[in-house]
Amino acid sequence: YVTQHKDLSQRVKPKSESVVPLFHESRQLGQEKTVLHKIRPISPVPPPLSETLTRHEPKGAAPAAEMEGSISSLEAGSKEDRQWKEMKLQLADLPGILARLSKIKLTALVVSTASAGFAMAPVPFDVTCFLLASLGTGLASCAANSVNQFFEVPFDSNMNRTKNRPLVRGQISPLLAVCFAAACGVPGIALLTLAVNPLTGALGAFNIFLYTCCYTPLKRVSVANTWVGALVGAIPPVMGWTAATGSLDTGAMLLGGILYSWQFPHFNALSWGLREDYSRGGYCMMSVTHPALCRRVALRHCLALIGLCAAAPVLDVTTWTFPVISLPINLYISYLGFRFYRDADRSSSRRLFFCSLWHLPLLLLVMFTCKKPLLDKEEKGDLLSGNHGRAVEIRLP
C-alpha cells in the first residue's frame with residue numbers, strides 16, 4: 001500500500017504546480033459566493049390601500065377578464081367591418097366631397113392654362129367665348145379626374161397621399177361618382193363643340209380619353225405614363241388657342257410645348273419624395289424604377305424651356321423682349337434642375353418642385369405682357385393685301 005501511495009505521489013508531484021492555481025481560483029470563487037450571500041434583499045414598498053383591498057380577490061381573475069373583453073371587442077370590430085354598412089351622405093358635405101373627387105386644384109390649373117392659350121391667340125378677345133371655353137374645359141377636367149379616382153380606388157388605399165380620397169374612405173358611392181363624371185363630361189364636351197367650335201370639343205374629348213383610358217392604366221405598366229401624362233397637360237392651352245382662333249397654328253404648338261416641358265421637372269421632383277408611396281401602390285414611376293432617368297429628364301426639359309421661349313418671337317407669337325425677360329427664371333429653374341440631377345436628395349427635389357409652382361404662372365404672365373400686338377399683324381395683313389392689289393393693278397393695263 002505504501003509503495004502504491006509513493007507511486008501515486010510521484011505521478012501527481014509534477015502536476016502540483018498546475019493544481020495550486022486551480023485551488024486558489026476555487027477559493028476566489030468561494031469568496032465571491034460568500035459576498036453574494038451577504039447581500040440582503042430590499043424590503044418591498046408597502047402597497048397602496050387600493051391594492052391591499054383588492055388583494056383578497058382571486059389572482060388572475062382581473063387580467064383574464066380584461067383579455068377576454070379585449071378579444072371580444074376585436075372580434076366584434078372585425079365582424080362590423082365585414083358587415084354591410086349604410087352610407088350616410090349629408091347634403092352639406094356633398095360640395096366638398098365632389099370638389100375633392102374632381103381634384104379642384106388641378107382643375108383650376110387646367111382652366112388657367114387654357115385661359116392663357118385663349119389670351120395669347122392673335123385675335124380680338126371675345127368675353128362670351130372665353131367664359132364658355134373655360135367652363136367647358138373645367139367640366140371636362142372634373143370628369144376626367146373623377147373617372148381616374150374611380151379606377152384607382154384599390155391602389156389609392158395603399159398610399160398615404162391618396163388614402164383619404166372620398167371613394168377610398170367610402171364618403172361617396174362609386175355609382176354616384178360615375179354619375180357625377182358623366183354629368184360633367186357630357187355637358188362640357190357638348191358646350192365646347194356646339195358653343196365654341198368642333199375642333200376644341202374634339203380636343204377635349206380626346207384629352208378625357210387619353211387621361212382615363214391611356215394614362216391611368218399605363219401607370220402600373222410602364223414609365224412611359226409620364227410622357228403620356230405630360231401630353232394630357234399640354235392639350236389645355238392648345239384648346240384655349242383653338243377656342244379663340246378655330247385653328248391649330250404654330251402658336252398653339254408652342255404653348256403646348258412649353259406646358260409639356262414644364263411638367264417633367266414639376267412631376268419628377270414631386271414623385272422623388274413620394275417613391276415609397278408609389279412603390280406601395282404598385283405604380284411604375286421613373287423615380288422608383290429608373291431614378292437616374294428621372295433626374296436626367298427633369299434637367300433636360302428645364303433646359304428645353306429656354307429654347308422654347310427663344311422660339312416664341314421667331315414664330316411671331318411674342319416680341320424679342322420675351323426671351324430676354326424670361327431668361328433669368330428659366331436659368332434659375334435649370335440651376336435647380338441641375339442640383340436635383342447632381343444631389344438626388346429630398347431637399348433638391350423639394351426646391352425644384354416649389355420653384356415649378358411659381359415658375360409657370362410667372363412665365364405665362366411675362367409671355368402675355370410680351371405678346372405681339374394685334375395691330376402689327378393687321379397692318380402686315382393690310383400691307384400684303386395692298387401689295388397684291390397693286391400687282392394686279394399693274395398687270396391690268
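Residues numbered from 1 in each chain as written. Predicted model: local features only at pLDDT ≥ 70, side-chain atom pairs only at ≥ 80, totals over all residues. Heavy atoms only, no water.

## Looking at the nonpolar core
Let me state the cut-off plainly: What is meant by a nonpolar core is a set of buried Ala, Val, Leu, Ile, Met, Phe, Trp, Tyr and Cys residues, joined one to another through side-chain atoms within 4.5 Å. A simple rule labels every residue: compare its accessible area, found with a 1.4 Å probe on the protein chains alone, to the largest value its type can have, and call it buried under 20%, exposed over 50%, or partly exposed in between. Put simply, DSSP H or I for four residues or longer makes a helix, DSSP E for two residues or longer makes a strand, and each gets a number counted from the N terminus. A domain assignment, automatic or from a database, supplies the domain bounds used here. Note on contacts: a residue pair is in contact if any heavy atoms of the two residues lie within 4.5 Å.
Core analysis: the largest hydrophobic core is formed by 42 residues, its most contacted members being Phe 322 and Met 367. Top contributing element to this core by residue count: helix α12 (residues 225-245), with eight residues. Shared between two domains, this core holds at least three residues of each, these being domain 1 (92-246) and domain 2 (249-371). Aside from chain neighbours lying at most four places away, what touches Phe 322 is Cys 309, Ala 312, Leu 363, Val 366, Met 367 and Cys 370.

## Describing the environment of Cys 284
Assignment of secondary structure puts Cys 284 in the loop between α14 (275-281) and α15 (286-289). Distance in space between the C-alpha atoms of Cys 284 and Ser 222 is 5.6 Å, their sequence separation being 62 residues. Residue contacts for Cys 284: discarding those within four places in its chain leaves Lys 219, Arg 220, Val 221, Ser 222, Val 223 and Asn 225.

## A short note on a nonpolar patch on the surface
The line we're drawing: Two distance rules govern patches: like charges are joined within 9 Å, and nonpolar side chains (Val, Leu, Ile, Met, Phe, Trp, Tyr) within 5 Å, applied only to residues with over 30% relative accessible area and no salt bridge. With residues, only the protein chains shown are counted as cover, and all accessible areas are computed by Shrake-Rupley using a 1.4 Å probe. Here a salt bridge means any side-chain nitrogen of Lys or Arg lying within 4 Å of a carboxyl oxygen belonging to Asp or Glu.
A cluster of nonpolar side chains, namely Tyr 332, Tyr 335, Trp 358, Leu 362 and Leu 365, defines an oily patch on the protein surface of about 490 Å² accessible area. With three residues, helix α18 (residues 346-369) is the single largest residue contributor to the nonpolar patch. Here Tyr 332 is to be found in helix α17 (residues 321-343). The exposure class assigned to Tyr 332 is partly exposed, which follows from its relative accessible area of 41%.

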